[in-house]
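A look at the structure
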Amino acid sequence: MDLVQLEIFKAVAEHGSISAAAAQIHRVPSNLTTRIKQLEEDLGVDLFIREKSRLRLSPAGWSFLEYARRILDLVQEARATVAGEEPQGAFPLGSLESTAAVRIPGLLATYNQQHPKVDLDLSTGPSGTMIDGVLSGRLAAAFVDGPVLHPALEGIPAFEEEMVIISPLNHGPIQRAADVNGENIYAFRSNCSYRHHFEKWFSTDAAVPGKIFEMESYHGMLACVSAGAGLALMPRSMLQSMPGCATVSVWPLASDFRYLTTWLVWRRGTVSRSLSMFVRLLEERGVVRAEEN
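Residues numbered from 1 in each chain as written. Predicted model: local features only at pLDDT ≥ 70, side-chain atom pairs only at ≥ 80, totals over all residues. Heavy atoms only, no water.

Under an unreviewed UniProt entry, the name given to the protein is LysR family transcriptional regulator, and the organism recorded is Pseudomonas fitomaticsae. According to its UniProt record, the protein has this under Sequence similarities (unreviewed entry): "Belongs to the LysR transcriptional regulatory family." (UniProt positions renumbered as here; feature names shortened; annotations may be inferred.)

As a further point, take the overall build of the protein. A count of helical and extended segments in the protein gives twelve helices and eleven strands. Across its three principal axes, the protein shows a C-alpha extent of roughly 70 × 45 × 30 Å. Buried residues in the protein amount to 46% of all 293 residues. For the protein, the proportion of contacts with a sequence separation of at least 24, taken over those separated by at least 6, is 75%. When the accessible area of the protein is evaluated, it comes to approximately 14300 Å², of which 51% is carbon and sulfur surface. (Helix = DSSP H or I, 4+ residues; strand = E, 2+ residues; numbered from the N terminus. Buried < 20%, exposed > 50% of the residue type's maximum accessible area, 1.4 Å probe, protein only. Contact = heavy atoms within 4.5 Å. Areas by Shrake-Rupley, 256 points an atom, 1.4 Å probe, with all protein chains shown as cover.)

As a further point, take the environment of L233. Here L233 shows up in strand 9 (residues 231-235). Residue class for L233 comes out buried when judged on its relative accessible area of 5%. For the pair formed by L233 and V164, sequence separation is 69 residues and the distance between their alpha carbons is 5.7 Å. Discounting residues that sit within four places of it in the chain, L233 has contacts with M163, V164, I165, Y186, Y194, H197, F198, Y218 and L253.

What follows concerns the nonpolar core. Counting 34 residues, the largest nonpolar core has I165 and W201 as the members making the most contacts within it. Of all the elements in the fold, those that place two or more residues in this core are strand 6 (153-168), strand 7 (185-187), helix 8 (193-204), helix 9 (218-226), strand 9, helix 10 (236-240) and strand 10 (248-252). For I165, the residues in contact, after removing those within four places along its chain, are I174, F198, W201, L231, A232, L233, S249, V250, W251 and L253. Counting residues in each nonpolar core, the second largest holds 23 residues, with L93, Y111, F159 and L282 among its members. (Core = buried A, V, L, I, M, F, W, Y, C linked by side-chain atoms within 4.5 Å.)

Let us look at the confidence of the model for the protein. Of the residues in the protein, 95% reach a pLDDT of 70 or more, and the chain-wide mean stands at 89. When the criterion is pLDDT under 50, residues 289-293 qualifies, and its contacts beyond four places in sequence or with other chains add up to ten contacts. (pLDDT = per-residue confidence, 0-100.)

Viewed as axis vectors pointing N to C, helix 1 (residues 3-15) and helix 3 (residues 29-43) meet at an angle of 110 degrees, and their least axial separation amounts to 9 Å. In this view, helix 1 runs roughly perpendicular relative to helix 3, as classed from their interaxial angle. The segment helix 1 lies against helix 3, with V4, Q5, I8, F9 and V12 engaging N31, L32, R35, I36, Q38 and L39. For the contact of helix 1 with helix 3, the per-class residue count stands at seven nonpolar, three polar and one charged. (Axes fitted to C-alpha atoms, helices over the stretch in contact; angles between N-to-C directions. Parallel < 35°, antiparallel > 145°, perpendicular 65-115°, else oblique. Nonpolar A, V, L, I, M, F, W, Y, C, P; charged D, E, K, R; others polar.)

All right, on to the state of the cysteines then. A complete count under the given rule lists zero disulfides for this structure. Free of any disulfide, C224 has its nearest neighbouring cysteine sulfur in C192, separated by 16 Å. (Disulfide = S-S within 2.5 Å.)

Moving on, we get to the packing of helix 1 against helix 2 (residues 18-25). In the contact formed by helix 1 and helix 2, the axes pass within 8 Å of each other and the chain directions differ by 125 degrees. The pairing of helix 1 with helix 2 is recorded here as oblique in orientation. For the pair helix 1 and helix 2, the crossing hand works out as right-handed. On the side of helix 1, the interface is formed by I8, A11, V12 and H15, while helix 2 contributes I18, A20, A21, Q24 and I25. Along the lines of polarity and charge, the residues of the contact of helix 1 with helix 2 split into seven nonpolar, two polar and no charged. (Left-handed = near helix turned anticlockwise from the far one by under 90°.)

Turning our eyes to something else, we now look at helix 6 (residues 105-114). Among all positions of helix 6, only L107, L108, T110 and Y111 are buried. Along the axis of helix 6, the buried residues cluster in a sector spanning 165 degrees; they form a single face. Where helix 6 is buried, its residues touch strand 3 (89-95), strand 4 (118-124), strand 5 (141-146) and helix 12 (273-284). (Arc of directions from axis to C-beta.)

Time to look at the pairing of strand 2 (residues 54-57). Here strand 2 shows a buried face lined by L55 and L57 and an unburied face lined by R54 and R56. Note: strand 1 (residues 48-51) against strand 2, four bridges, orientation antiparallel. Looking across to strand 2, one finds that E51 is bridged to R54. (Pairing = 2+ DSSP bridges.)

Overall, the coordinates contain twelve salt bridges when judged by the stated rule. For R35, the salt bridge identified is with D2, shortest N-O distance 2.8 Å. In this pair, R35 sits in helix 3 while D2 sits in the segment before helix 1, placing the two residues 33 residues apart along the sequence. Owing to a relative accessible area of 18%, R35 belongs among the buried residues under this scheme. D2 gets classed as partly exposed once you look at its relative accessible area, which sits at 31%. Two residues, K10 and E14, come together in a salt bridge whose shortest N-O distance is 3.3 Å. With K10 and E14 both in helix 1 and four residues apart, the pair spans about one turn of that helix. (Salt bridge = Lys/Arg side-chain N within 4 Å of Asp/Glu carboxyl O.)

Relative to the helices and strands, R267 is located in strand 11 (residues 259-267). Here V134 takes part through its backbone oxygen, which lies 3.4 Å from a polar atom of the side chain of R267. Ignoring sequence-local partners within four residues, the contact set of R267 consists of E66, R70, D73, V134, L135, G137, A152, L153 and E154. (Polar contact = N/O pair within 3.5 Å; in protein donor to acceptor, adjacent residues only side chain to side chain.)

Right, dumping it as structure tokens:
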């Protein structure tokens, strides 16, 4: 097994076909086919499921893809380090929507100015989706609700968020979950950690929400709550950044539920030069808290 085989395997796995991968890495398709077969013989497993002109990764292939990506990333990192090069290449970063909207725009702008050779690509979504992206190797790192207790991940605390409940202006006081037992709520999909936090707030007080309407954005939640249709939970910083924030009532949570910490996480042992420079910038800007993961 050599680096060329790993690069070929990665290209074929990501494109799903020999011809598309060959065009990307500028090799003839027959060469890719031969090298993939040699790699499978070396490993003693089928990395792909052959379906006519398409290739699908086998379970073993999915596992091997993560290792191949890590090996190739480490090789590139080693080359850049010994050559004294500045960070460069792809840096796919994930983030919670609220963090991307409120906390990191200035940070990303500064990073792009300091490291123009880095191709920073930002994706947003719920914590569960972002964590899956980091574990699969699709994302180099992600801002998620933490701490994240996963053996394959490590990270640092970055921001503290005050969580608030918003309700229609004519709603009565909300001091505990029992005050809104059975009321409808707006939240992201089930893999959203903030939704889990909201549901736990209800259950701890022996209360339950009514219907849970799944939304795709905080702006949508705000509009629905403002129209008098239910409740939502969101970071106060996100709420204050949106037009229309004065059209709802805002209720702080009790101390046990009031604050959540956003973490920057990455796969354990895979800190690239681009990521290390990003973490350093976080530290220089003084936004990283003093706790340890």
